[in-house]
Structures are given as structure tokens and as C-alpha cells.
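Notes for the structure review
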Amino acid sequence: MTAPARQTSRDSSLGRLRDAVAARVRVAQKVARVTSLDRRSLDRWTEEALARAVAHACADSPFYADFVPAHLARAAAAGRLEAFAAFPFTTREHLAAAYPLGMLAVPPREVIRFDESSGTGNGSSIAAFFTVEDWLENNLTVATLLSAVLDERDVVAIAVPYELAGVGQDLDRALEVLGCTIVPLGAASPKCSPERMVHALHRSGATALVCSGTRALYLGEIARRCGLDPRDELAVSRILMAGEGSSPAKKRRLAEQWGAVAYSMFGMTETNTLAMFCRFGELHLVETRTFFEIVDPESGERLPDGATGELTVTTLASRAMPLLRYRTGDTCRIEAEPCACGSPLRRLRHRGRIGDRLRIGDRWASQLEIEDIVLGAMAAPPYFFTFDAGGDVLEIALPPASADDQTVRAAVSEAVRERLGVRAVFRPLALASFEEALRTSAKPTMRNFTERRAGGI
């Protein structure tokens, strides 16, 4: 290659880099503008953004071009919200049937990230796609919201999956923007055992830990066995929970175990972040990126703020894979009353996944209700248990320290009877088998391991 040719190639590369940086600046400016809107301005912006999202999805997504009746698509794109409310729902089954590329709404060359779910919804994987603008906008929005409790002085250990799912990568990027030091632990990697995670927390002086609540309880127990008191010898003062719901009792246990404040986050592989915490621990909907509805799980009727039903979402900032009226499978309530933090974003009360409910006696019980009862009664570590239901009996497997404590068993029995209206029976937890499952699961929860119990009481 001659010198002029090399210079031309170099100039071209530099030009592309300048364009990429300029595009990132534009995304950052948009995020700064939208996240600073007051409630009235945000409502106006949302109506316009929803119309744009519908127009894009119905014109550029082959799935929605066929799925949404044309007259409804035209009316909603023109801003008629009553037409949007008549749209059919999108479900996880639609996404699984379209796997891998059927939901794509941009040319493949515009996709910067391809993610997949872990298949925990119904056992089948679904794909998720993001353009550079989609990805950066979420990263910067998350960074803005994380700044409520984190800054450049923090060392943050991330113990969630980095493989295929976007949560680890997304939080990693957002924390970089804040200037935090990052300790990328990952999840369930044979190269980073729970013991190594604990020692990494100690050596790095980590001030915050990102993981599921169940994993945080487990790491606290591992620290204790390694001779480290999480409260006094580890610097973690904030636990950011991702990947599973959390009961009030779990947050209290984490506070006791670690001497840390536990905050909840909420999102999905196919949507990215849906709700983030404020400094008061309230979970706020990310309404600058998503339009939220609560609907009756049976009839599909839209419910008002304050009513409990199924959370349904429509993406407002996802060009690669727009979703319209996507049923999340999560039981939630939206509260519009102002929060003490001053945010204009409405608050979310997460009540668990519809698919995780158990029929007990003559009612349905959520996993989080059961978790709140059992963890709330346990008086000594380890804070693990499993459960199963049959007829009018809730069977609970407890580790030895709790199974042998008559006070704990009596408290659990009374709460199960009063809150769930059924009888509790107890079995010992096969602790070694349970912990092996915790070590190797990317998304551990108490419900995952109901088969890991020993016989007899």
C-alpha cells in the first residue's frame, strides 16, 4: 500500500471514530433531556414516544406488520390511545416462536448486541437485539439512576451472569460511566467459586455487591465459614439485587448479615431495565424508555394505578426489537403518589411471577409470600429453605439450625396458618446438595431447589 493510500485509510478510520463518538454524545444528550422532565412534561413526551414506537414497530417489524390490525396501527401511530388499548398482547410464546431472528425490526448490520434469555420463563430461550443507540441509551439511563446511591468512590462487585444475558454487561457499562471501580465476578463460573468471590470482596474493598438476594445470603454464609464477618470485615454497605424478586424479610436478613442496605432492581433480557431504586429504596419505573400498563391477567382489561394485576410493557426506545403490549408474567401494582426522593417516575410494587404461584388450599400463594414467612421466622444462619405445596399443606425443608428450633417452627406454622390458611409440615433440608445447586446456578432462588430435601423430620 502506498503512503497516500495508507493516509486515506487512516483518515477514513478516524472519521468513523469521530462519527461514533458524536453519536454517543447525541444519545447522552437525549438521556439527560428526557430524565430531567417533570411529570406533566414526561406524560406529553410519552404520548409522542408511544406513537413513534407503534409506527416503527408496525412498519419495520415483520411480526407486528402481520400481528397488529392495520387500522389500529394507523390510529395508534396518529396518537389515538384508545386504539392502542385495543392492540393484541405480545407474549413470551410469540418471542419463542420467532426465535432467533423473527422479532428483528432493523437490518442485521445495525445490531450491536445479541442476547438470549436463560429460558427460566418456560424452558425455551428467546432472543434480544439492540442497536448501538438502544444499548447506550439503556446504559446511560441506568447510570443516571444508579447515581442515587453510587459514585466514583465506590468499588462494585458484579456477581450476575455475563454470558449471553445483558444484565452483567449493562451494569458493567453503567458503572464505568459513573467512574466506579468494577470487580467482575460473574455467576456460577468454575473459575470464580463462592469462596474466591468472598476473598475478592475482601481484597478489593468492595463497597457494593450486585447479585440476586439468594446469592447474597449464600455469599454471606460463605464469608462466615471463611472466618470473615461480613458486617465488620467486609466493606459492602449496599447490595443491589437483580435476577429475582425479594421479600421484605430477605432485605432484613441481608441488612442483618452484611450491615448493608439492600436495593431491588427489575428488568428482563428482552426489555433491558424496567425499574430501578431511588435513595429511599423505592422501585421506580423507567418511564423514559418504556410504557407500562397493569392488566387483569384473565380478561386483559387495563386496570388503574393502585390496582394489582399483570405488568404489560411497550418499549419506547428499542429500535432493533420493539415490543408492543408485552405481557411480562409479573404480578405488580403501580403507585402514582409522589416519592420522597422527588422523582417524577411512578413506583412499582412487585408481587412475584404469575408462573411461580402455588395453589395451596383454596387460594394462590406467591413465592415471595412464602419467603417472607420463612425467612422472617428463622433465627440463625444459614438462611436457606425449600418448599412445596400439596392440597392444604405447605411442606418446608429447613437447615438443621432452624429445623431443630421449636420456636422457629412454631412461628412459621402460625404465620402459614394465618396468612395462607393451610397447615405447615417440616422436613430437614439436604444442605450439601442444596448448596451445590446454589454454587452452580446462574439464577439461584429458594424455589429452584424444592427437590433438595432429606426424608423424615
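See the structure printed just above.
For every chain, the first residue of the written sequence is number 1, and numbering continues from 1 along that sequence. Per-residue local features of the predicted model are confined to residues with pLDDT of at least 70, and side-chain atom pairs are confined, for both listing and counting, to 80 or more; whole-chain, interface and lining totals are unaffected and use all residues. Hydrogen atoms and water are omitted, and side-chain values are computed over all heavy atoms in the structure.

Considerations on helix 8 (residues 167–178)
Just so we agree on the cut-off: We count a stretch as a helix when DSSP gives it H or I for four or more residues in a row; a strand needs E for two or more, and each element gets its number in order from the N terminus. By this rule, a helix spans an expected 1.5 Å times one less than how many residues it contains. Here the term buried applies to any residue with accessible area under 20% of the maximum for its type, exposed to any over 50%, and partly exposed to those in between, with areas from a 1.4 Å probe on protein chains only. We call two residues in contact whenever any of their non-hydrogen atoms come within 4.5 Å of each other.
With 12 residues, helix 8 extends 17 Å between its outermost C-alpha atoms, agreeing within 8% with the 16 Å of an ideal straight helix rising 1.5 Å per residue. Among all positions in helix 8, only Gly-168, Gln-169, Asp-170, Leu-171, Asp-172, Ala-174, Leu-175 and Leu-178 are buried. Lining the buried residues of helix 8 we find strand 1 (111–116), helix 7 (132–146), strand 3 (155–158), strand 4 (181–184), strand 5 (208–211) and strand 9 (272–277). With its phi angle positive at about 85°, Gly-179 sits one or two positions after the end of helix 8.

Structural notes on the environment of Tyr-64
Note the following rule: Within 3.5 Å is the distance limit for a polar contact, defined as a pair of N or O atoms, with the added protein rule that one can donate a hydrogen and the other accept it, and that residues adjacent in sequence qualify only through two side-chain atoms.
Looking at the element boundaries, Tyr-64 is found in helix 3 (residues 62–67). For Tyr-64, a relative accessible area of 1% gives the class buried. Considering only alpha carbons, one finds Tyr-64 and Ala-105, 41 residues apart in sequence, at a separation of 9.3 Å. Setting aside chain neighbours within four positions, we find Tyr-64 in contact with Ala-57, Cys-58, Thr-90, Met-103, Pro-322, Leu-323 and Leu-324. At a separation of 2.9 Å, a polar atom in the side chain of Tyr-64 contacts the main-chain amide nitrogen of Leu-324.

Some details on the nonpolar core
Selection criterion: Definition used in this section: a nonpolar core is a set of buried Ala, Val, Leu, Ile, Met, Phe, Trp, Tyr and Cys residues joined via side-chain atoms within 4.5 Å.
By size, the foremost hydrophobic cluster in this structure holds 58 residues, and its most contacted members are Leu-209, Trp-258 and Ile-396. Take this core: its biggest share by element is six residues, from helix 10 (residues 213–225). Ignoring any residue separated from it by four or fewer positions in sequence, one finds Leu-209 in contact with Ala-157, Ala-159, Leu-201, Ala-216, Leu-219, Val-236, Arg-238, Ile-239, Leu-240 and Trp-258. Counting residues in hydrophobic clusters, the runner-up holds 51 residues, among them Val-34, Ala-83, Val-106 and Ile-294.

Some points on the sheet that holds strand 20 (residues 423–428)
Basically, it comes down to this: Strand pairing follows a simple DSSP-based rule, namely that at least 2 bridges must link the two strands. Axis geometry follows a simple rule: fit a line to the C-alpha atoms, using only the stretch in contact for helices, then measure angles between N-to-C directions, giving values from 0 to 180 degrees.
Strand order in the open sheet formed by three strands is 18-19-20, with mixed pairing between adjacent strands. Edge strands, defined here as strands with exactly one partner in the open sheet, are strand 18 (386–390) and strand 20. Recorded for the sheet is a direction-independent mean angle of 25° between the axes of neighbouring strands. Where strand 19 (residues 393–398) lies against strand 20, six bridges are found, and the strand directions are parallel. When the bridges of strand 20 are listed, Ile-396 appears paired with Phe-426.

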